[in-house]
Structures are given as structure tokens and as C-alpha cells.
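Residues per chain are reported as follows:
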Amino acid sequence: MRLKRVFIPIVATLLFLIFWELVVWLNDWPNYKMASPSDLGPAFLKYWELFFIMGWQTLWRTVIGLLISILFGVLIGMVMGMSKTMREALYPLLVGFNAIPKATVVPIVALMFVGAHDFNTILIAFMISFFPIAVSISIGLSTLEAEYRDILRSLGASDMTIFWKIALPKTLPEFFGALKVSVSLAFIGTNLMEIVSPHGRGLGALFDSGKTNSDYPLMFAVLITLAVLGIVLYYIVVLLEQTFAGWAEKETY
Amino acid sequence: MSLIKIRNVSHAFESDDGPIKVLKNLDLSVERDSLTAVVGPSGCGKSTLTRLISGLLKPDRGEIFLEGEKVVSPRSNVGMAFQNPVLLEWRTILDNIMLPLEIVAPKMPKKEKVGRAERLLSLVGLADFAGRRPSELSGGMRQRASLCRAIVHKPKVLIMDEPFGALDAFTREDLWQVLLDVKAEEPFTGLLITHDLRESIFLADQVAVLSGRPAMTQYLMDVEFSEKRNIELLFTAKSTAMLKELRKQIRIAQAS
Ligand SMILES: Nc1ncnc2c1ncn2[C@@H]1O[C@H](COP(=O)(O)OP(=O)(O)O)[C@@H](O)[C@H]1O
Ligand SMILES: [Mg+2]
């Protein structure tokens, strides 16, 4: 069974690569239209050092942005989940903020804090990814049935005890569901900023330099690297989920 | 002296169309180690009454005493069980049952907590399920576990709000017996909300019928059987007469 779980995704990926190669080959597309998997190897070989440096840049900024998202999202979710007044006050603000396409915010932030690449990038990664977390925590807390509170409250337990012993664990499955979405969003945020920001670093900047030099295989190689990083982060979240909320397992991923 | 004494309690909830008067001048007393069943039209304020007794709510007027002490806030001498067994899915059954001890007796050695929980589990016939998750248990078994959790900290008072309401008739009768067995081993003063009249006379020493909203105690019936309680007793002429009277009182309450 275990072997099968590793085997199937690998075969699927290989099939996908063969299909991609075949489509490019059959259509006789030139590199600038669509690079093929066989072009990627040389691109990786040629720039492998850059891939490591830039990949690391993108990765740590995304992770830091995500961590801030979790802190802020959980906090604001708690505030909204525990107080109806705060929920009614903050919800429209949050929804409105979330509705602004972040692509429009990126150049503004880039100008506001010009040169502060790390700060800019983390800020956007955070701004784009905290919303699902805040919503999941607030919904999880506000829909907690009264009886769950009452079994502890009737013993004289404090609100904090109820939060730690019942409300938080009960919300964890929804939290991890939201975190999976937030991981992808944070990646998008990081890359948006890295691409837009002049003289930036990270995979986004590498992508941009590929564009400037019409190095199409490089651009595709960056996309693949981003996908791989995304998969790695996603499965780290899945692993955390299984550790901390495995009791709610429903085979969702 | 009654262990639970409810004196002249009135309570109302605020709503958009003005206050909803739920309880009005309600009086009720429950003797030590006895069980009182409370029946009444749905929505009349039975659950509100349980929340007032446990101190989760403060009455607008009137007083509630447990062992002569006025209830002003939740205290650990109360245990509660609901129709929903509210077991925590991330804990094993054993850990669920120990939950109240973590609040009430945080310093109790772990071994003692486990011993206490295991004793109760075997009392309700769940000894082999200590390590299972709640979702692995049937509805009746979950309600047994919920009962164990409600009394694990040896509360003076056990408040049950329609604990068997969601169970099928046969499981329900099994659980009636379980409740009596548990009460014989671990005495408590009980208040049982139910809308099953047979359940009320089978389990209780006193049945209180509440009137429609705003509720007050409309009728009190003492239930005494000379024999040890068993299901057969429900089919005697005496029980039939009691049920008839209770049904009549419920009709009156519904009309009020
Ligand atoms: N927290 C609350 N806020 C407002 N109204 C409530 C609240 N709790 C109960 N009520 C109202 O009080 C009445 C009695 O409720 P409840 O005590 O749950 O009745 P019962 O348990 O007898 O069915 C109902 O009309 C219900 O809508
Ligand atoms: Mg009720």
C-alpha cells in the first residue's frame, strides 16, 4: 500500500512530462512559444547556483510571510470568533480588504518601501494569505456548540482553559484546511513582489531576468521550481495536519 | 433540608421583539440523593432551568441554593450531561472522561485519575472501550461515556438535559437501568429533564410538570415503588394511573 502511494504520483508525473514533451515535439513549437521538459535540464545545469540562492530567497520569505499570517490570522480570528460585536465590526473590513486584487497593491508597496526587498515581499505574502486563516478560526470558534463550552464552564473553567482544551483543538481541522490555501497564496504574493520589484531577488526576479534575456527555458525552469517548492510546503502542512489534527482524518488531500 | 432549592425564580431573555419571559416564580426542591424528573411543553424553559441551577446563567429574580449555599457562579459540585454527548473527538474515551478532573483536581496524580475513570467505565459496561475514539462508539455507548464524564469528579448534583432523547427505545431502556446502577454505586442528587413520561416515573422519585412559558411548577408527583425498579413495573396499574395523571397535566400545561 505504502509503495503504491509513492509510486502512483511518480508515474503520473512522468506521464505528464512525456505528454508535454510529445505535444511540443508534435507541434514543432520553438522555445519561445513553449519550452519542453528536455530544455529544462540544461537550464537547471547552467544556472543551478542561482536556483539555489534564489529558491532559498523565495522560500524563506514565503515561510516568514506565512508565519506572520498564521499569528495575525489566528489572533484576529480569535477576536472575531469570541465577540459578536467584533465580528460584525471587522468582517466587512476584512472582506473589503481581501477583495482588492493584490496585483494592484504590489506596485504601491514596492514604491512605498522602495529597496526594502525582504520587507516588501514578506508584507505582500502576508497580506495575501492571512484571510483564509482568520476566517477559518473565527467560524470555527463562533460555531462551537454551547454544550461544548458548558461542559467546562459549568465546572468553573476560565475562557482561556476552554479555548485551549476545546475551542482550539476543535478548530484545528478547519485551520489546516485554510493553511493549505494560504500556502499557495503566500507563494503567489512572494512571486508577484519579486517580479515587480526592480533589482529584486528570489525566483520571481530570476523569472524576470529570463524574460529580459528571452531565455525561455530558464523561465519554464523557474515555473517548475516554484511548483516543486509549492508541493514541498503543501505536504509539510499535510504532515503537520496529520500530526495535530489526524483525528479528523477524512482523506481530503 | 433539600439539596437543591429553587425559590421564586424568574428569568427572561432579551430578544428583538422585547423580552421573552421564560420562568416565572418557579419553586422546586430536590431531596439529597433523590432524583427529580422535570417534564413540560417544549420551549417552556427546561434547559434554561438547568443553566440557572449550574450557575451558567443568573436568574433575574429569586434564588437557587445547593446544599444551602446560594448559586452565584458555576461551581465544581455540579455535573452536566446533554442530549448531545459532546465527546471530544481528539481524545480517547478515557481521556474524555478525565477532562473534568483536569479542571477540578489538576493536582490529582494521573494514576488516580485513570483509576477513577476506568472504574466508571466498567460500571457502565465500557471497560473495553477506554482507548477508543468517540466516533467508534454507538450512540448509546457515547451517552454512557458522557454520563461517566459528568460524574467523574463526584459532583453533588447531576443535571441531565434530555440525555436519552436521541436514542432508540431499546437503547433508552438499557440506559435507564445503567443510570440506576450508577446511582446506586455513586450516589448523587439528580435533576433529569425529559419528555418521556415513562422515563420520568421509572427513574425519578419526584416528577415536576412545568407549565407553558413563562414556566412555573404546575404539578408535583411523588413516585414510590415498593420493589426494586425494573421495566416490568411500568406495566402495572399503578404506573398506568401515574402516567395518565401526568399526561393530563401536560395537556393543561400545553394549553396554558
Ligand atoms: N440564550 C437565549 N437567548 C434568547 N432566548 C433564549 C435563549 N435560550 C433560550 N431562549 C428562549 O427561551 C425559551 C426557553 O428555552 P429552553 O429553556 O431551551 O426551553 P426547553 O429546554 O424547555 O425546550 C425558548 O423560547 C428559547 O427560544
Ligand atoms: Mg431544552
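Everything below is about the structure shown above.
As a starting point, this report considers the structure included with it. All chains use their own residue numbering, which begins from 1 and follows the written sequence. Here the convention is simple: chains get letters from A, ligands get numbers from 1, in the order in which they are written. Only residues with pLDDT of at least 70 get local features here, since the model is predicted, and only at 80 or more are side-chain atom pairs given and counted; chain-wide, interface and lining totals rely on the full set of residues. Just so you know, side-chain values use all the structure's heavy atoms and leave hydrogens and water out.

Residues and elements named next belong to chain A. The criterion for an aromatic pair is that two Phe, Tyr or Trp rings (for Trp, the six-membered ring) have centres within 6.5 Å, with stacked assigned to planes under 30 degrees apart, edge-to-face to planes over 60 apart and tilted to the rest. Scanning all chains against the criterion turns up 14 aromatic pairs over all chains. Relative to Phe-51, the ring of Phe-44 has its centre 4.8 Å away and its plane inclined at 55°; by these criteria the two rings are tilted. On the basis of relative accessible area, Phe-44 is assigned to the partly exposed category, the value being 29%. Among the aromatic residues, those joined into a ring-pair cluster are Phe-72, Phe-97, Phe-126 and Phe-130. The cut-offs for exposure are 20% and 50% of the maximum accessible area for each residue type, with area from a 1.4 Å probe on protein chains only; residues under the lower value are buried, those over the upper are exposed, and the others partly exposed.

Let's shift gears to the interface of chain A and chain B. Accessible area lost upon the coming together of the parts is a frequently used measure of interface size. Every contact between the two is made by 16 residues of chain A and, on the other side, 24 residues of chain B. Buried area: the accessible surface (1.4 Å probe) lost by two parts on joining, summed over both. Taken as a group, A:Ser154, A:Leu155 and A:Trp247 account for 34% of the area that chain A buries against chain B, more than any other trio of residues on that side. Whenever Lys or Arg places a side-chain nitrogen within 4 Å of a carboxyl oxygen from Asp or Glu, that contact is recorded as a salt bridge. Scanning the region where chain A abuts chain B turns up 2 salt bridges. Between B:Glu102 and A:Lys165 there is a salt bridge; the shortest N-O distance is 2.8 Å. Under this definition, polar contacts are N or O atom pairs within 3.5 Å; protein pairs additionally need one hydrogen-donor-capable and one acceptor-capable atom, and for neighbouring residues in sequence, both atoms have to be side-chain atoms. The tally of links from chain A across to chain B stands at 2 residue pairs in polar contact (both at pLDDT 80 or more). Mapped by element, the contributors of at least two residues to the side of chain A that touches chain B are α6 (146-153) and α7 (159-196) of chain A. Segments assigned H or I by DSSP are reported as helices when at least four residues long, segments assigned E as strands when at least two residues long, and all are numbered from the N terminus. Counting residues per element, the side of chain A that touches chain B draws most heavily on α6(A), at 6 residues. Residue type decides the class: Asp, Glu, Lys and Arg count as charged, Ala, Val, Leu, Ile, Met, Phe, Trp, Tyr, Cys and Pro as nonpolar, and the leftover types, Gly among them, as polar. Class assignment of the residues belonging to the side of chain A that touches chain B gives a composition of 8 nonpolar, 3 polar and 5 charged. Contacts between residues were defined by any pair of non-hydrogen atoms, one from each residue, lying within 4.5 Å.

Before going further, it helps to spend a moment on the sheet that holds strand β2 (residues 20-30) of chain B. Residue and element names in this part refer to chain B. In this description, strands pair whenever DSSP reports at least two bridges between them. In space, the 4 strands of this open sheet follow the order β2-β1-β4-β5, with antiparallel pairing throughout. Pairing within the sheet leaves two strands with one partner each, and these edge strands are β2 and β5 (69-70). The pairing of strand β4 (residues 61-66) with β5 spans 2 bridges and is antiparallel. Within β5, the position partnered with Leu-66 by the bridge is Glu-69. Strand contacts of helix α1 (residues 46-53): β1 (4-13), β2 and β4, with the helix running at about 120° to β1, the strand carrying the most contacts. Throughout, an axis means a line fitted to C-alpha atoms (over the contacting stretch in the case of helices), and angles, computed between N-to-C directions, take values from 0 to 180 degrees.

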